[in-house]
Amino acid sequence: MKILLLHSDYIEYEVKKKTRFAEQFEGKGARIDEALVVFVSVEKGDTEETALRAVEEIRDVAGKVNSDKIVLYPYAHLSSSLADAETAVKLLRFMEEKLSDDFEVHRSPFGWYKAFKISCKGHPLSELSREIRGEEIELTQALKDEEKAKSYWYILTPDKELVDVEKFDFSNYPNLRKFVDYEIAKRRAVDQTPPHVELMKRLEIADYEEASDSGHMRYYPNGRLIKSLLEMFVTEKCIEYGAMEVETPIMYDRAHPTLRKYLERFPARQYIIKGDKRDFFLRFAACFGQFLMTAQATITYRHLPLKMYELTRYSFRKEQRGELVGLRRLRAFTMPDMHTIVRDIEEAKEEFYNQYKLSVEVLKEIGLEPDDYEVAIRITRDFYEENKDFIHSIAEVLNKPILIEMWDKRFFYFVLKFEFNFVDALDKASALSTVQIDVENAERYGITYVDSDGNEKHPMILHCSASGAIERVVYALLEKAHLSAENGALPMLPVWLSPTQVRIIPIAERHLEKAIEIAQTLNENRIRADVDDREETTAKKVRDASTSWIPYIAVIGDREIEEGVLTVTVRKESTLKGQKRVKMTLEDLMDEIKNETEGKPYKPLPMHFMLSRRPSMR
RNA sequence: GCCACGGUAGCUCAGCAGGUAGAGCGCGUGCUUGGUAAGCACGAGGUCGCGGGUUCAAAUCCCGCCCGUGGCUCCA
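Residues numbered from 1 in each chain as written. Chains lettered and ligands numbered in written order. Predicted model: local features only at pLDDT ≥ 70, side-chain atom pairs only at ≥ 80, totals over all residues. Heavy atoms only, no water.

Enquirer: Explanation requested: the nonpolar core in the structure shown.
Expert: Looking at soluble globular proteins, one finds that nonpolar side chains tend to be buried together. Leu 416 and Leu 478 are the most contacted members of the largest nonpolar core, which totals 99 residues. Mapping this core onto the domain boundaries places at least three of its residues in each of domain 2 (149–248 + 298–478) and domain 3 (495–613). Leu 5, Val 40, Ala 54 and Val 55 belong to the second largest nonpolar core, which has 29 residues in total. (Core = buried A, V, L, I, M, F, W, Y, C linked by side-chain atoms within 4.5 Å. Buried < 20%, exposed > 50% of the residue type's maximum accessible area, 1.4 Å probe, protein only. Domains from an automatic or database assignment.)

Enquirer: I would appreciate a short explanation of the protein's contact with RNA strand B in the present structure.
Expert: With respect to spatial proximity, 43 residues lie near RNA strand B, and among them His 77, Val 325, Lys 428, Glu 560 and Arg 581 are the closest. A share of 43% of the atoms of RNA strand B within 4 Å of the protein falls on sugar and phosphate groups. A distance of 3.0 Å separates a base oxygen of RNA strand B from a polar side-chain atom of Glu 509. Contacts to RNA strand B include Thr 538, whose side-chain N or O atom sits 3.2 Å from a sugar or linking oxygen. Secondary-structure elements contributing two or more residues to the surface near RNA strand B are helix H15 (538–547), helix H16 (558–563) and strand E28 (566–570). (Near = heavy atom within 4 Å. Polar contact = N/O pair within 3.5 Å; in protein donor to acceptor, adjacent residues only side chain to side chain. Helix = DSSP H or I, 4+ residues; strand = E, 2+ residues; numbered from the N terminus.)

Enquirer: Explain unusual backbone geometry here, please?
Expert: Glycine aside, the phi torsion of most residues is negative, and most peptide linkages are trans. Residue Leu 304 is joined to Pro 305 through a cis peptide bond whose omega torsion reads -5°. Positionally, Pro 305 belongs in the loop between helix H8 (287–296) and strand E16 (306–316). In the segment running from Arg 313 into Tyr 314, the intervening peptide bond is cis, with an omega of 10°. Considering the arrangement of structural elements, one finds Tyr 314 in strand E16. With a phi angle near 50°, Glu 34 is a residue other than glycine that sits in the positive phi range. Relative to the helices and strands, Glu 34 resides in the loop between strand E2 (29–33) and strand E3 (36–41). Positive phi, close to 55°, is recorded for Glu 204, a residue that is not glycine.

Enquirer: Which parts of the structure should I look at to understand the pattern of salt bridges?
Expert: Using the criterion set out here, one finds 44 salt bridges in the structure. In this structure, Asp 451 and Arg 343 form a salt bridge, with 2.5 Å as the shortest nitrogen-oxygen distance. One end of the pair, Asp 451, is in the loop between strand E22 (449–450) and strand E23 (456–457); the other, Arg 343, is in the loop between strand E17 (332–342) and helix H9 (345–366), and 108 residues separate them in sequence. Owing to a relative accessible area of 27%, Arg 343 belongs among the partly exposed residues under this scheme. A salt bridge links Lys 388 to Glu 385, with the nearest nitrogen and oxygen atoms 3.5 Å apart. What makes Glu 385 partly exposed here is its relative accessible area of 45%. (Salt bridge = Lys/Arg side-chain N within 4 Å of Asp/Glu carboxyl O.)

Enquirer: Just checking my understanding: could you explain the confidence of the model for chain A for this structure?
Expert: The predicted structure's coordinates, where accompanied by low pLDDT, should not be read in detail. Summing up the model confidence of chain A, the mean pLDDT is 87 and the portion of residues at 70 or higher is 93%. The secondary-structure element of chain A with the lowest mean pLDDT is helix H3 (residues 141–148), recorded at 56, while helix H17 (residues 586–596) shows the highest, at 97. Model confidence for the complex is summarised by a pTM of 0.79, with the ipTM given as 0.86. (pLDDT = per-residue confidence, 0-100.)

Enquirer: Looking at this structure, how should I read the environment of Ala 35?
Expert: Its place among the elements puts Ala 35 in the loop between E2 and E3. For Ala 35 and Ile 11, which are 24 residues apart along the polypeptide, the C-alpha to C-alpha distance reads 7.8 Å. Residues within four places of Ala 35 in sequence aside, it is in contact with Leu 6, His 7, Ser 8, Ser 67, Lys 69 and Val 71. (Contact = heavy atoms within 4.5 Å.)

Enquirer: Please clarify how the packing of aromatic side chains should be interpreted in this entry.
Expert: When we look at a pair of aromatic rings, we describe it by the centre distance and by the angle of the planes. A complete count under the given rule lists 26 aromatic pairs for this structure. With a centroid separation of 4.9 Å and an interplanar angle of 75°, the aromatic rings of Phe 168 and Phe 170 are classed as edge-to-face. Note on accessibility: Phe 168 and Phe 170 belong to one class, buried. Residues Phe 291 and Tyr 445 carry aromatic rings whose centres are separated by 5.0 Å and whose planes lie at 75° to one another, so their mutual orientation is edge-to-face. Here Phe 291 is found in helix H8, whereas its partner Tyr 445 is found in helix H12 (residues 441–445), with 154 residues between them in sequence. Across the pair, exposure class does not vary: Phe 291 and Tyr 445 are buried alike. Within the aromatic cluster, the residues linked to one another by ring pairs are Phe 352, Tyr 356, Tyr 373, Phe 390, Phe 418 and Phe 420. Between Lys 227 and the ring centre of Tyr 219, over which it is positioned, the NZ or CZ distance is 4.3 Å. In this structure, Lys 400 is placed above the aromatic ring of Tyr 373, and the distance from its NZ or CZ to the ring centre is 5.7 Å. (Phe/Tyr/Trp six-rings, centres within 6.5 Å; stacked < 30°, edge-to-face > 60°. Lys NZ or Arg CZ within 6 Å of the ring centre and 35° of its normal.)

Enquirer: Looking at this structure, I do not really get the state of the cysteines. What am I missing?
Expert: Chemically, a disulfide is nothing more than a covalent bond linking the sulfur atoms of two cysteines. Scanning the model with the defined rule gives 0 disulfides in all. Cys 238 takes part in no disulfide bond, and the closest cysteine sulfur, belonging to Cys 464, lies 5.9 Å away. Classification of Cys 464 as buried rests on a relative accessible area of 2%. (Disulfide = S-S within 2.5 Å.)

Enquirer: How should the pairing of strand E24 (residues 460–465) be read in this particular structure?
Expert: Each regular strand shows side chains that alternate between the opposite faces of the sheet. Extensive coverage of E24 is indicated by the burial of 6 of its 6 residues. By the alternation rule, side chains of E24 split into Met 460, Leu 462 and Cys 464 and Ile 461, His 463 and Ser 465, which are all buried. In terms of strand pairing, E17 meets E24 through 5 bridges, oriented antiparallel. Looking at E24, one finds that Val 342 is bridged to Met 460. Summarising the sheet, strand E21 (residues 429–438) and E24 pair through 5 bridges and their orientation is antiparallel. Looking across to E24, one finds that Ile 437 is bridged to Leu 462. (Pairing = 2+ DSSP bridges.)

Enquirer: What am I meant to see in the pairing of strand E4 (residues 69–74) here?
Expert: Counting buried residues along E4, 5 of its 6 residues qualify, which places the element largely inside the surrounding structure. Bridge analysis of E3 against E4 gives 5 bridges, and the strand direction is parallel. Within the sheet, the bridge partner assigned to Val 37 lies in E4 and is Val 71. In this structure, E4 lies alongside strand E5 (residues 104–107), joined through 4 bridges in parallel fashion. Looking across to E5, one finds that Lys 69 is bridged to Glu 104.

Enquirer: Where do I start with the packing of helix H6 (residues 221–240) against H9 in this structure?
Expert: Any two packed helices are characterised by how steeply their axes cross, that is the angle between the axes, and by the distance between the axes. One can describe the packing of H6 onto H9 by two numbers: an axis separation of 11 Å at closest approach and a directional angle of 150°. Comparing the axis directions of H6 and H9 gives the class roughly antiparallel. The crossing of H6 and H9 is right-handed. On the side of H6, the interface is formed by Leu 230, Phe 233, Val 234 and Lys 237, while H9 contributes Leu 358, Glu 361, Val 362, Glu 365 and Ile 366. Partitioned by chemical class, the residues of the contact of H6 with H9 number 6 nonpolar, no polar and 3 charged. (Axes fitted to C-alpha atoms, helices over the stretch in contact; angles between N-to-C directions. Parallel < 35°, antiparallel > 145°, perpendicular 65-115°, else oblique. Left-handed = near helix turned anticlockwise from the far one by under 90°. Nonpolar A, V, L, I, M, F, W, Y, C, P; charged D, E, K, R; others polar.)

Enquirer: Which parts of the structure should I look at to understand the sheet that holds strand E14 (residues 272–274)?
Expert: Strand-to-strand pairing in sheets goes through backbone hydrogen bonds, with the strands running parallel or antiparallel. Read from one edge to the other, the open sheet built from 3 strands follows the order E13-E15-E14, with strand pairing classed as antiparallel. Both edges of this open sheet fall to strand E13 (251–253) and E14, since each of them pairs with a single strand only. Adjacent strand axes in the sheet meet at a mean angle of 35° when their direction is disregarded. Pairing analysis gives 3 bridges linking E14 to strand E15 (residues 279–282), with the strands arranged antiparallel. The residue bridging Ile 273 from the neighbouring strand is Phe 280, located in E15.

Quick look at the structure:
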């Protein structure tokens, strides 16, 4: 329940119009002089208990301002989580009744649009607001702390200087400025749909699914392929880095004592699922499963650092409705989540540093260069003061200025984290890779290791998402392609992620057989090639291939067959005005693509290799 | 929750001082057998988000609801 108390000379109100929740009311309005006016929002979870506490608050304030008249004024706009009308009216009546013992109480009607005039006395106690907490289930403690946490902002320069963010010269770092503006001012002056939303639909990657909850997407064959390749890639990198891949449940008992406490410390809203006897929440990361597994394992110092990895399909976060956008922010998303158990802070720092570099490398190989993102480090002041050299060594890795957010007090479970933030075409920022040093959860989950001295100790834990959410990586790649198009290039995805890598276009029907043969050879060599066998003009086929962002378009006609070559349009080297066409043999083409996609996972074509056999998905 | 905008053919959208529903793309059929970013012709395809009201008559006006997108959620 939220209440706003105003000590007034008078209040005057007039009922205008009913809403559908309107309470029976015959009068027109009222004027009450010298009253303590209490605006009230009854919220979800409020009970008579909550109302009684509110009554006590009101009594207290009324005593202080020496007022014997109270006006209870239902006012929905104090809260974004209102109770249903029935409960609200019930509790308001209840409060009216309780207050009537000591005060002259006037209650204005619920559920009407009302015009009102109020004259507030303006002395120090004349304006007060109070929040009376009921059974609050949706908002966790961490979310509230996040609101309260006081942040200090700095830029750590490549010269290892910590500059107040106000004093930093951003003129050479426009993207960092955008990121900082977004972070600190949280300002969004944009009122257009982000470019990647249009692209994800047009390229048949993903789309909204109206039959599901907001923030849950459908992925078409192209989208599934792209996601799948990214998932495979990040997973391989983490395993290569030394992690053990595991799989854990997606839902957990809400009442589980350990999990309950962790929920309180994580700033996210959960989906709740009703089970037979217990209620469950859907996981928002792989922490629970991995921590519970680790707690049971017998671990000694010889095993450390110990890494465990899971690709979470899905993680669920019930973000506020208005925060959801395209692939940027979802309620169900796929996240690579790796946890590293380390012996002490020194080992934690070492791993943190290595995983920072791992993240840089993963993003780079995916197609996102350090220029495409901005680095943020969030840290407690103590930890910074004690580890300056270490933080500076991180700054050296990319040799670019870093945004530092510093807190006096540790509000969260970590003492240090970094994020790589992508700044999109509309100047909005969102985090990709991140690593955190967690100093709390080993103890909470009862995770221990036996040290060389024979004693059981609690380790520290690193949380790492080397690429960030897979959907968000797709978002970043699409936005990046859009940005490159604005600079005159032809937008495209990296070749290893392009659903079709080579499109074969036969000039006439008599070339079709040869075209199919070539496509088959390519596919046998793990290159995704398809054939435009539709009855369309060559120009039309080239246009369609181009608007699908296909990296290599190979035309085959009499001349090519005679010479034993292909005429290939190379997208990367073309512009809308001038297309780069090269004659090359099939072997040359295969070599070039092999080269381009080396070390990357492969999956076959997501749809039939003959275009005439392929449905349009939307 | 609040504000703005939107929901019409598979897609993108026009029509809305009330009078039998339109375009482009896509799809189907036919002609054309093509040389690098949209060949030509014909055709099929619509409970105009849902419910109520006004009217001789509603996609169009009024009321309510649902869904979507963007922003806000007041930080004095």
